[in-house]
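Observations on chain architecture
These are the residues of each chain, in order.
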Amino acid sequence: MPNKRRTRQQTQQFFCPICQQRLWRSGGTKYHLYYQGKAEIQEKLNITSKRASFIATHHPVYVDANVWLEEFFCKVDLKMWLRLSKASDGLLHSRLATQADWERSVKTPDPDLPNSTVSEFTYRMSRRTGQHLARYEM
Ligand SMILES: [Zn+2]
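Residues numbered from 1 in each chain as written. Predicted model: local features only at pLDDT ≥ 70, side-chain atom pairs only at ≥ 80, totals over all residues.

1. As for the overall build of the protein chain
What counts here: The numbering of helices and of strands both runs from the N terminus, where a helix is a DSSP run of H or I of at least 4 residues and a strand a run of E of at least 2. The burial criterion counts other C-beta atoms lying within 10 Å of a residue's C-beta, which is placed from the backbone; the residue is buried at 20 or more, exposed at 12 or fewer, and partly exposed between these limits. Note on contacts: residues are paired as contacts if their backbone-placed C-beta atoms lie within 7 Å.
Helix and strand counts for the protein chain come out as four helices and six strands. The N-to-C order of helical and strand elements in the protein chain reads β-β-β-α-α-β-β-β-α-α. Sorting the 138 residues of the protein chain into buried and exposed places 20% on the buried side. Here the analysis covers contacts within the protein chain between residues at least 6 apart in sequence; of these, 56% occur between residues at least 24 apart.

Written out as structure tokens, the structure reads:
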């Protein structure tokens, strides 16, 4: 049996997708992504149809604890938002957040988005469901 203590990096470094320099976390709010409906939940979480049905029944809006949008700062490119996703080994993968990511985030701070009614609605929904958020181990 493997008895090695896992040595995990305390602070993971992130690099600018544009200029490759080191990025700094702004330390602001994390905006988690959510999925709605069985098909979307199944696709995004990569799980079985049966399991997706179960989750969809209990969580009309499923907030993904492992994927979120977070603000970073680059000395050259200044403020930017990255989409972070936590892998099973605990490491975070990052890429620039896209418009599609924002549309799936539980609350958008982006003033350019025209339909604030939808995001406010989903924010309320996610707050409601967030109280009994469960982690589903795959
Ligand atoms: Zn940069």
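Don't stop here, the text continues.
2. Some words on unusual backbone geometry
Of note in the backbone geometry, Gln 20 takes a positive phi value of approximately 70 degrees without being a glycine. By the secondary structure assignment, Gln 20 is in the loop between β1 (14-15) and β2 (22-25). Judged by C-beta crowding, with 10 C-beta atoms within 10 Å, Gln 20 ranks as exposed. Phi at Leu 78 is positive, roughly 60 degrees, even though this residue is not glycine. Its place among the elements puts Leu 78 in strand β5 (residues 78-86).

3. Brief notes about the pairing of β5
Cut-off, in case you're wondering: A pair of strands counts as paired when DSSP detects no fewer than two bridges linking them.
Strand direction decides the pairing type here: strand β4 (residues 61-74) and β5, joined by eight bridges, are antiparallel. Looking at the pairing, Trp 68 lines up with Leu 84 of β5. The antiparallel hairpin formed by β4 and β5 contains three residues in its connecting segment. Sheet topology note: the β5/strand β6 (residues 92-96) ladder contains five bridges and is antiparallel. Among the inter-strand pairings, Leu 84 is bridged to a residue of β6, identified as Ser 94. Once β5 ends, the chain turns through five residues before running back antiparallel as β6, passing Gly 90 with a positive phi of about 90 degrees.

4. Here's the deal with the nonpolar core
This is how it is decided: For the purposes of this analysis, a nonpolar core is taken to be any set of buried Ala, Val, Leu, Ile, Met, Phe, Trp, Tyr and Cys residues that are connected through C-beta atoms within 7 Å.
Counting 19 residues, the largest nonpolar core has Tyr 34, Tyr 62, Val 63, Trp 68, Leu 69 and Leu 82 as its most contacted members. For this core, the secondary structure elements donating two or more residues are β3 (31-36), β4 and β5. Looking at this core element by element, the count peaks at seven residues for β4.

5. With respect to the environment of Ser 53
Looking at where Ser 53 falls in the secondary structure, it is placed in helix α2 (residues 49-58). Here the alpha-carbon distance between Ser 53 and Gly 37, two residues 16 residues apart in the chain, equals 8.4 Å.

Interpretation in functional terms is not warranted from these geometric data alone.
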